[in-house]
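So the chains spell out like this:
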Amino acid sequence: MKVIAKTGNEAMAYAMKQINPDVVAAYPITPATEVVQIFSNYVADGEVDTEFVAAESEHSALSACVGASVAGGRVMTSTASQGLALMHEILYIAAGNHLPIVIALVNRSLSAPINIHCDHSDTMGSREAGWMQFYSANSQEAYDSIIIALKVAETCGVPAIVSTDAFIISHCMDRLEVLEDEEVQKFIGEYNPKYYALDIGKPKTYGPLDLQDYFFEHKRSQIDAFSKVLGTYNKIAQEYEKLSGRYYPAVEEYRTDGAEVAIFTAGSTADTAKEVVDDLREQGRKIGLVRMRMWRPLPIEEIKKALSKFKAVAVMDRSDTMADFGGPVFLETRGILYDLDKRPIITDYVYGLGGRNVEIADIVRVYDEITEVAKTGKVSKPVTYLGVRGEE
Amino acid sequence: MKDVHVECQRLMDWQELAKGCLIQEAATSLNFKTGDWRSMRPVWSEDKCIQCLFCWITCPDSAIKVKDGKVTGIDYEFCKGCGICAQICPEKASAIEMIREEK
Amino acid sequence: MQQYFEVRWHGRGGQGAKTAALLFGEAAMETGKYIQAFPEYGPERTGAPVKSFNRLADDPIRIHTQVINPNVVVVLDSSLLECLDVTEGIQEGGTLLINSQESADELKKKLAKTEGYKLAVVDASKIAMELLKRDVPNTVMLGAMVKVTGALEWDSALASIEKKLNVKFRGRKEIIEGNIKAIKRAYDEVKVA
């Protein structure tokens, strides 16, 4: 084990270097540019054996990744925001063909208005594409997640997005522990796809037209493969813990014992909230935190189990659904809790759009308000826009 | 896991399918004869043909048979009768004539 | 909440405020601290006012908020005093370190707040011009920074910076030695008002 100082982008590029993929096809975009730039340095310096394809757009970059993955390669790329939006069409093609491509992504808001800072609207907009989604709370987790996600992806034949928060994590230098190259190689193992196009002894046909008679069956089989991801993830996360000492459950509970209310959120804000939880717990407040780390596939039973014990839950969403009813995490979590006989009251705080700073005081306020909701049983405002001028 | 085969009789359930609509053989279009779609039939005359191979290049269904660099005929199992070969054939040669298909 | 040691760097695009924060953060990490170093990004243009930050602690750092109340503010370019309030949010008993040829008394006339913190001045640009032949005050300021804040142990900080410079300048001795000399001179020459 080595301790090094790295930004989120450097950490993800470093994990990619240790993975040493066969092909990386990419197009740079702020704030994920560095991932590609640093990785291309590794290529130029001969530290990896990767074929690096500098594409002319993200659409082309992911298309090249699809081609390389069909050919049988271990394939990765990196993007953010508009880049992921431009990849949108190809996301479905990669997932529908069961290609285990991994994207090192930086969560950045989508235009308009144009902005380069953090929110989760890019990946939330792709949550139905059939890609696993992991939201990292810090650089350490981003590094670890890239390695874990690659192995899960290749085991299940499902692609994965590992993301960090723009600038807050991507450009923040942090202290992190990294594995040795050989340890990573041993952990991920050699990639031996069962079927691949360059298997010239056994030629195959990829991407045929699939009409009314079979399309639905193939989609159903894709959904089935996706439903098996969580079990595989849990197993691989435990294997990774044995190797690194760090364990990342799909849904993380933090000081939830005896708590009556909780915040349910993702990314760097969850990390910040842990500090708030410690402070408020010291004051005797019965509060806890549940962190959403894996958002696709949706860890339904884990979320149910984690949230069912509270009187009230405040979701903090870093994007909005434009449904005039809060963010995606809120809407889906409400759906999950609907089945419970005794379900917590649930409210939503849409916050931090376009990189708006979330302060300690903001999180304290959410705990204060949700505590009041639990006490009175009354919700005066199901959705609050937190930290925006012109609203309370 | 079986793959979808154009000639399979029974429609399979999703559990039986290979992932991602992968077909575990190549050139399966050879199993799919499209020749019976034809309403006009191209007829090639060897004596008029100047062997320019324009028809071979332009045929969208690769239905012009060529051997040792020379046109030898038309593959009626796949020719859909579009007439592009007759259109492209140089006027002074006019080696391909389109006639009504009679079954 | 654990005690954090927080730093805000003010500079102009191209002066190396980000690099200074990264160097300081990495040096702090090598003395056993947990660290964060991050820039504030906006439209990055050479000459535009930019900020970067450090957060240091003895235990793992979990908060990812902006630095609002820094213990130390470092100003790489004193012309920034004319256009923004560099004392904003500075902690009671904190330190404001400015690269300037002017005296502390003259500088105070340009500051929004003059009480409650320690003002330190060093002419880092002059040192840089003499030893590096270029006005790159960022690494130079690190020397003064370590001296006036006592945040890091001097020898190990210097060793870490030297290591980092070695990587950055790929063993170009002149530049590395010049920088180290400049850092040492700033350490000696910084004056606390």
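Predicted model, so just to flag it, every value in this text is computed and none were measured.

Caption draft 1: Focus on the overall build of chain A. Check the secondary structure of chain A and you find 13 helices and 15 strands. Expected size for 392 residues packed as a compact globule is a radius of gyration near 21 Å; at 21 Å, chain A falls within 12% of this value. For chain A, the C-alpha atoms occupy an extent of roughly 70 × 55 × 45 Å along the three principal directions. For chain A, the residues scored as buried account for 55% of the 392 residues in total.

Caption draft 2: Quick look at the overall build of chain B. Counting its regular elements, chain B contains two helices and four strands. Whereas a compact globule of 103 residues would reach a radius of gyration of roughly 13 Å, chain B reaches 18 Å, over 25% beyond that. Counting across all 103 residues of chain B, residues that qualify as buried make up 17%. Considering only residue pairs separated by 6 or more positions, chain B has 58% of its internal contacts joining residues 24 or more positions apart.

Caption draft 3: Seen up close, the interface of chain A and chain B. At the junction of the two partners, chain A supplies 18 residues and chain B supplies 14 residues. Considering each element in turn, the side of chain A that touches chain B owes the most residues, five residues, to helix α8 (residues 215–227) of chain A. The class makeup of the residues in the side of chain A that touches chain B is six nonpolar, seven polar and five charged.

Caption draft 4: Structural detail: the interface of chain C and chain A. Counting residues at the interface gives 17 residues for chain C and 20 residues for chain A. Every element with two or more residues in the side of chain C that touches chain A is listed here: α1 (17–30) and β2 (34–40) of chain C. Of the residues contributing to the side of chain C that touches chain A, the split by class is 10 nonpolar, five polar and two charged. By the bridge criterion, two bridges tie strand β8 (residues 173–178) of chain A to β2 of chain C in an arrangement that is antiparallel. Bridge pairing in β2 of chain C places Met173 of chain A opposite Ala37 of chain C.

Caption draft 5: Main features of the domain arrangement of chain A. Residue and element names in this part refer to chain A. Per the domain assignment, the segments of chain A are domain 1 (2–243) and domain 2 (251–386). Look at where the C-alpha atoms of domain 1 and domain 2 centre, and you get two points 28 Å apart. Taken together, the contact pairs 27 residues of domain 1 with 20 residues of domain 2. Among the elements of the structure, α5 (121–124), β6 (132–135), α8 and α9 (229–244) are those that each provide at least two residues to the side of domain 1 that touches domain 2. Of all the elements, β6 adds the most residues to the side of domain 1 that touches domain 2, at four residues. Residue composition of the side of domain 1 that touches domain 2, by class: 15 nonpolar, nine polar and three charged.

Caption draft 6: Here's a closer look at the confidence of the model for chain B. Per-residue pLDDT for chain B has a mean of 90; in total, 90% of the residues score no lower than 70. Scored by ipTM, the complex comes to 0.88, with pTM at 0.92.

Caption draft 7: Summary view of the sheet that holds strand β3 (residues 49–57) of chain C. Read from one edge to the other, the open sheet built from nine strands follows the order β1(A)-β8(A)-β2(C)-β3(C)-β1(C)-β4(C)-β5(C)-β6(C)-β7(C), with strand pairing classed as mixed. The open sheet has two edge strands, β1 (2–6) of chain A together with β7 (191–192) of chain C, and neither has a second partner. Examined bridge by bridge, β2 of chain C and β3 of chain C share seven bridges and lie antiparallel to one another. Note that in β3 of chain C the partner of Glu40 of chain C across the bridge is Lys51 of chain C.

Caption draft 8: Expanded view of the environment of Glu91 of chain B. Residue and element names in this part refer to chain B. Its place among the elements puts Glu91 in the loop between α2 (84–88) and β4 (96–100). Assessed through the 5 C-beta atoms surrounding it within 10 Å, Glu91 is described here as exposed. Sequence separation between Glu91 and Cys79 is 12 residues; the distance between their C-alpha atoms is 22 Å.

Caption draft 9: The packing of helix α6 (residues 139–156) of chain A against α9 of chain A, seen in detail. Residue and element names in this part refer to chain A. For the pair α6 and α9, the least separation of the axes is 9 Å and the interaxial angle reads 135°. By the criterion of interaxial angle, the relationship of α6 to α9 is oblique. Viewed along their axes, α6 and α9 form a crossing whose handedness is right-handed. Contacts between α6 and α9 involve Asp144, Ile148, Lys151, Val152, Thr155 and Cys156 from the former and Val229, Thr232, Tyr233, Ile236, Ala237, Tyr240 and Ser244 from the latter. Taken together, the residues that form the contact of α6 with α9 break down as eight nonpolar, three polar and two charged.

Caption draft 10: Highlighting the packing of helix α10 (residues 268–282) of chain A against helix α13 (residues 360–376) of chain A. Residues and elements named next belong to chain A. The N-to-C vectors of α10 and α13 enclose an angle of 60°; their axes lie 10 Å apart at closest approach. The angle between α10 and α13 places the two elements in the oblique class. Seen from above, α10 lies across α13 with right-handed handedness. Along its contact with α10, which presents Thr272, Ala273, Val276 and Leu280, the element α13 presents Ile360, Ile363, Val364 and Tyr367. Looking at side-chain class alone, the contact of α10 with α13 contains seven nonpolar, one polar and no charged residues.

Caption draft 11: Examining helix α1 (residues 8–19) of chain A more closely. All names here are of chain A. Here α1 contains 12 residues, and its C-alpha end-to-end distance of 17 Å stays within 8% of the 16 Å for a straight helix at 1.5 Å per residue. Among the 12 residues of α1, 12 are classified as buried, and the element is accordingly described as predominantly covered. Asn20 sits one or two positions beyond α1 and adopts a positive phi of about 55°.

Caption draft 12: Up close: the sheet that holds strand β11 (residues 287–292) of chain A. All names here are of chain A. The strand order across the open sheet formed by six strands is β9-β11-β10-β13-β14-β15, and the pairing between neighbours is mixed. Strands with a single pairing partner mark the edges of an open sheet, and in this sheet they are β9 (251–254) and β15 (383–386). Between one strand and the next, the sheet's axes are offset by a mean angle of 20°, whatever the strand orientation. When β9 meets β11, the two strands line up antiparallel, connected through four bridges.

Caption draft 13: Expanded view of the pairing of β11 of chain A. Residues and elements named next belong to chain A. Among the six residues in β11, six count as buried, and that is most of the element. Residues Ile287, Leu289 and Arg291 of β11 are buried on one face, and the alternating residues Gly288, Val290 and Met292, pointing to the opposite face, are buried as well. Here strand β10 (residues 261–265) runs beside β11; their pairing, made up of five bridges, is parallel. Across the sheet, the residue bridging to Thr265 is Arg291, located in β11.

Caption draft 14: A look at the pairing of strand β3 (residues 51–54) of chain A. All names here are of chain A. Note that strand β2 (residues 23–26) and β3 share four bridges and pair parallel. Bridge pairing in β3 links Ala25 to Val53. Crossover connection from β2 via helix α2 (residues 33–44) to parallel β3: handedness right-handed.

About the thresholds
Residues numbered from 1 in each chain as written. Chains lettered and ligands numbered in written order. Predicted model: local features only at pLDDT ≥ 70, side-chain atom pairs only at ≥ 80, totals over all residues. Helix = DSSP H or I, 4+ residues; strand = E, 2+ residues; numbered from the N terminus. Rg over C-alpha atoms; globule rule 2.2 N^0.38 Å. Buried ≥ 20, exposed ≤ 12 C-beta atoms within 10 Å, placed from the backbone. Contact = placed C-beta atoms within 7 Å. Nonpolar A, V, L, I, M, F, W, Y, C, P; charged D, E, K, R; others polar. Pairing = 2+ DSSP bridges. Domains from an automatic or database assignment. pLDDT = per-residue confidence, 0-100. Axes fitted to C-alpha atoms, helices over the stretch in contact; angles between N-to-C directions. Parallel < 35°, antiparallel > 145°, perpendicular 65-115°, else oblique. Left-handed = near helix turned anticlockwise from the far one by under 90°. Expected span 1.5 Å × (residues − 1). Right-handed = clockwise from strand over helix to strand, strands pointing away.

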